[in-house]
Amino acid sequence: MTFAGNWDHLEPATREAYRRFDALTEQGLDPGPGTDWRLYGTYAHTKLWLSPQGGHDYDERVLRLVRTVAGRAVGWTPDDAWNLAERAGYWARQGHTCHEELYRIPLSAAHLLHPQQRRDLFGHLTDLGELQPLLESLLTEEGPAGAVRNVIGEADPFATMLAEEYGSRLAGMLPLLRHWATADAPAPGDGWLPVVCDLLTPEAIALVHELVTRLAAYRGGPFVCHHADISWSEDRFLKGRTVSVARGLIWTCEVIDEPWVPSLLADAAVTCGTGHDGPGSTCRSETVADGAVGVLARRGAAETVTPLALIQTRVRAASVQERVARALDALADAAALTRDQLLDRILPAAGATPREVEQARTAARYRLEQALIHQREWTWREVGEHFLDHPVTGPDARALVWRIPGGPSGLPVRTVDGWELAGHRPEGTVALWHPAGASAEEVDAWRERGLAQPFEQVLREVYAEEPDRVAGHVVRYELARTELIRHGWTGVSIGYWEHDCHEGQGEVVRDLADWQARWLLRVVEGMSDEGWDLDALCATNPMTFHREGQERCRRRRCRRWCGRRSSERPTSQSPPPRPARTPSTWSTTTTGIGTRSYAVSTRRCPG
């Protein structure tokens, strides 16, 4: 006989019933009249467990028992059906290989489950022998919408939209839809795109355009989920097979030679690479955003520069940023330029669509603000050619205050001989004026003029170096994390959120020109004054600044300064020397991290 495990964990009445059923099974007898067939059916299914190592062969009496239950109209509930299927799946993963018998009773109850539950529980099964027709009937829906759901399921609102609004069109392109659903790798394999080329038709290209447009405008939404006999609603973006289908749509754009492709891919990447709360929040789908960047990178033409720059502007996910940077660097290398020089020179030409112009202006505005932050310098001729005179960047650049290093500052003024700055035609380099490097009188004078600017320059917050501004506060982690990401910090998972950090602390990092700012955060134990859970809180430590190439050892419990000669390392009696830096470095680095905006209370964190 099959050993079905220890039943000591069962309720006494259930345990006694199982023992009575066992005695009948030993004799090859049926349970008789008055039997609770739900209880008897559950017992029958437990008899299929062989051992923790699994197995394959069953006693004929067990097989007869299982087939008797499976062939009877048992009054199963949806919860029963779910539990039977889950149990069968667990045993299969343990090593029970006679799947036909494992799933015989669960499949007899599966009609009680929602179609998506059936797909989740049984969709991976391939060969169940005589049960295969029953399996296929349980997993197959009729009609055009059903044909789409048969391929991609229905795990989110986008999948619902594909089935209900595009079912009739997609049903006529099922081979292409099935191929999209195989886009499970980070990039298309050697044979993936050739199959797309064979399946693409003018109608399919038009549908791809429409669906990627819908994806770019999509923000997720409420979705009704089912578990056994329970239903609830939750917000979802993309889930399950829909992620593969969306990535397959994006990859398909690589072989479509249409002018709408680059800008639409950028819009889709921004949608998927940002969250409900903007660039600083968690990506809706980093997988799909990475896919869009990959297609733009592989296209590699000048038309992809502005879309890539827009993604760099809006998406903060590290993997997306790294991929965009590599793509732009490759394009810059091919043109024998730096990345900044490439971005300065590649702007929409005449005939660009309004959307392309809008994308370019957004990206250029971001680059100008980054140039202010990093105090990038140009020649005055470059400023005039690539910014002041350009129809896309000109309105923004002409509204900004520029300065001659070591000299005056002013707004650009056009004269008959060209552009002037503060009555000069600078022969050296120029940079954008930053209030942190100016006197209080000069800052006040500019602010009194009431300039309308594309971003805060003269009205930019300026912070003096105040350690208490960043150290010793208890803050709401999620709000702090959003602001840190939005302002370009990386490494923003600590404590309970960081798998590799076992001390409840971690360092966030921000690069700024030749400097790197590091800020140590740690988990706070206990509750806040307002009752916030401990895993929602963290405390801030002092911020430190380091020159490029100066690295702190990242090993746990190690606070040494690596990458420096022994004679330069600080002793245990003295703190590491803090490199000199300009006022704008501190001011820019601490912009956006005012702890008052996400502090739990005004109390300071001890220690």
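A. Representation of the overall build of the protein chain in the model. Across its full length, the protein chain holds 25 helices and 15 strands. Expressed as a percentage of its 607 residues, the buried residues of the protein chain come to 52%. Taking the intrachain contacts of the protein chain between residues at least 6 apart in sequence as the baseline, contacts between residues at least 24 apart amount to 66%. For the protein chain, the exposed surface amounts to about 28700 Å²; the carbon and sulfur share of it is 51%.

B. Inspection of the pattern of salt bridges at higher detail. Applying the stated rule across the entire model yields 27 salt bridges. Residues joined by salt bridges that share partners form a network here, namely Arg 67, Glu 100, Glu 101, Arg 104 and Glu 130.

C. Spotlight on the nonpolar core. In terms of nonpolar packing, the biggest core is built from 73 residues, with Trp 180, Leu 215 and Ile 311 touching the most fellow members. Among the elements that take part in this core, helix H15 (residues 261–273) stands out by supplying eight residues, more than any other. Those residues in contact with Leu 215 that lie beyond four places of it in its chain are Phe 158, Leu 238, Ala 246, Ile 250, Ala 268, Thr 271, Cys 272 and Val 288. Formed by 44 residues, the second largest nonpolar core is a distinct cluster that contains Trp 7, Phe 21, Ala 88 and Leu 102.

D. Spotlight on the sheet that holds strand S3 (residues 378–379). Strand order in the open sheet formed by four strands is S3-S8-S4-S5, with antiparallel pairing between adjacent strands. At either margin of the open sheet sits one strand with a lone partner, and together these are S3 and strand S5 (409–410).

E. Representation of the packing of aromatic side chains in the model. Taken as a whole and judged by the stated rule, the model has 14 aromatic pairs. Ring centres of Phe 21 and Tyr 43 lie 5.4 Å apart, and the angle between their planes is 50°; on these two criteria the pair is classed as tilted. Note that Phe 21 is positioned in helix H1 (residues 12–26) and Tyr 43 in helix H2 (residues 37–46), a separation of 22 residues in sequence. Each member of the pair, Phe 21 together with Tyr 43, is buried. Relative to Trp 402, the ring of Trp 380 lies with its centre 6.4 Å away and its plane at 80°, an arrangement referred to as edge-to-face. Remark: Trp 402 occurs in strand S4 (residues 402–403) and Trp 380 occurs in helix H21 (residues 380–388); sequence separation between them is 22 residues. Take Trp 380 and Trp 402: they sit in the same class, and that class is buried.

F. Summary view of the pairing of strand S10 (residues 505–512). For S10, the buried fraction is high: seven of the eight residues fall into the buried class. Strand direction decides the pairing type here: S10 and strand S11 (residues 515–523), joined by eight bridges, are antiparallel. When the bridges of S11 are listed, Gly 506 appears paired with Leu 521.

G. Inspection of helix H13 (residues 202–217) at higher detail. In this model, H13 (16 residues) spans 23 Å end to end at C-alpha, consistent with the 22 Å of a helix rising 1.5 Å per residue. Along H13, the residues that are buried comprise Ala 204, Leu 207, Val 208, Leu 211, Val 212, Leu 215 and Ala 216. On its buried face, H13 is in contact with helix H10 (157–171), helix H11 (174–180), helix H14 (241–252), H15 and helix H16 (286–299).

H. Expanded view of the packing of helix H4 (residues 78–94) against helix H7 (residues 115–122). The geometry of H4 relative to H7 is characterised by a closest axis approach of 10 Å and an angle of 15° between their N-to-C directions. The orientation of H4 relative to H7 falls into the category roughly parallel. With respect to the hand of their crossing, H4 and H7 are arranged in left-handed fashion. Only Gln 117, Leu 121 and Phe 122 of H7 make contact with H4, whose side of the interface consists of Trp 82, Ala 85 and Glu 86. Classifying every residue of the contact of H4 with H7 gives four nonpolar, one polar and one charged.

I. Structural detail: the side chain of Thr 271. With respect to the helices, strands and loops of the structure, Thr 271 is situated in helix H15. Its relative accessible area of 3% is what places Thr 271 among the buried residues. Looking at Thr 271, its side chain comes within polar contact range of the side chain of Arg 219, at 3.2 Å. If sequence neighbours within four positions are ignored, Thr 271 has contacts with Leu 215, Ala 216, Tyr 218, Arg 219, Phe 237 and Arg 284.

J. Region of interest: the confidence of the model for the protein chain. The predicted model of the protein chain averages 85 in pLDDT, with 84% of residues at 70 or higher. Between residues 497–502, whose pLDDT stays under 50, and residues either more than four places distant or in other chains, the model counts 10 contacts. For residues 552–579, every residue scores under 50 in pLDDT, and the model assigns this stretch 39 contacts once sequence neighbours within four places are set aside.

K. Spatial organisation of helix H18 (residues 318–334). Across its 17 residues, H18 extends 24 Å between first and last C-alpha, which sits within 8% of the 24 Å expected from 1.5 Å per residue. Where the residues of H18 are buried, they touch H16, helix H17 (305–314) and helix H19 (339–345).

L. How the structure looks around the side chain of Thr 304. Structurally, the position occupied by Thr 304 is in the loop between H16 and H17. The exposure class assigned to Thr 304 is buried, which follows from its relative accessible area of 0%. At 2.7 Å, the side chain of Thr 304 forms a polar contact with the backbone oxygen of Ala 301. Leave out the neighbours within four places in its chain, and Thr 304 touches Leu 296, Arg 299 and Leu 331.

M. Seen up close, the environment of Leu 249. Counting through the fold element by element, Leu 249 comes out in helix H14. Looking at Leu 249, the relative accessible area reads 0%, which means it is buried. Along the chain, Leu 249 and Val 208 lie 41 residues apart, while their C-alpha atoms are 6.5 Å from each other. The residues touching Leu 249, leaving out its near neighbours within four places in the chain, are Trp 180, Val 208, Leu 211 and Val 212.

N. Molecular detail of the environment of Ala 171. Tracing the backbone through its elements, the reader meets Ala 171 in helix H10. Take Ala 171: its relative accessible area is 28%, and that puts it in the partly exposed class. Taking the C-alpha atoms as reference points, Ala 171 and Gly 146, 25 residues apart in sequence, are found 9.0 Å from one another. With sequence-adjacent residues up to four places away left out, Ala 171 is seen in contact with Pro 144 and Ala 147.

Calculation rules
Residues numbered from 1 in each chain as written. Predicted model: local features only at pLDDT ≥ 70, side-chain atom pairs only at ≥ 80, totals over all residues. Heavy atoms only, no water. Helix = DSSP H or I, 4+ residues; strand = E, 2+ residues; numbered from the N terminus. Buried < 20%, exposed > 50% of the residue type's maximum accessible area, 1.4 Å probe, protein only. Contact = heavy atoms within 4.5 Å. Areas by Shrake-Rupley, 256 points an atom, 1.4 Å probe, with all protein chains shown as cover. Salt bridge = Lys/Arg side-chain N within 4 Å of Asp/Glu carboxyl O. Core = buried A, V, L, I, M, F, W, Y, C linked by side-chain atoms within 4.5 Å. Pairing = 2+ DSSP bridges. Phe/Tyr/Trp six-rings, centres within 6.5 Å; stacked < 30°, edge-to-face > 60°. Expected span 1.5 Å × (residues − 1). Axes fitted to C-alpha atoms, helices over the stretch in contact; angles between N-to-C directions. Parallel < 35°, antiparallel > 145°, perpendicular 65-115°, else oblique. Left-handed = near helix turned anticlockwise from the far one by under 90°. Nonpolar A, V, L, I, M, F, W, Y, C, P; charged D, E, K, R; others polar. Polar contact = N/O pair within 3.5 Å; in protein donor to acceptor, adjacent residues only side chain to side chain. pLDDT = per-residue confidence, 0-100.

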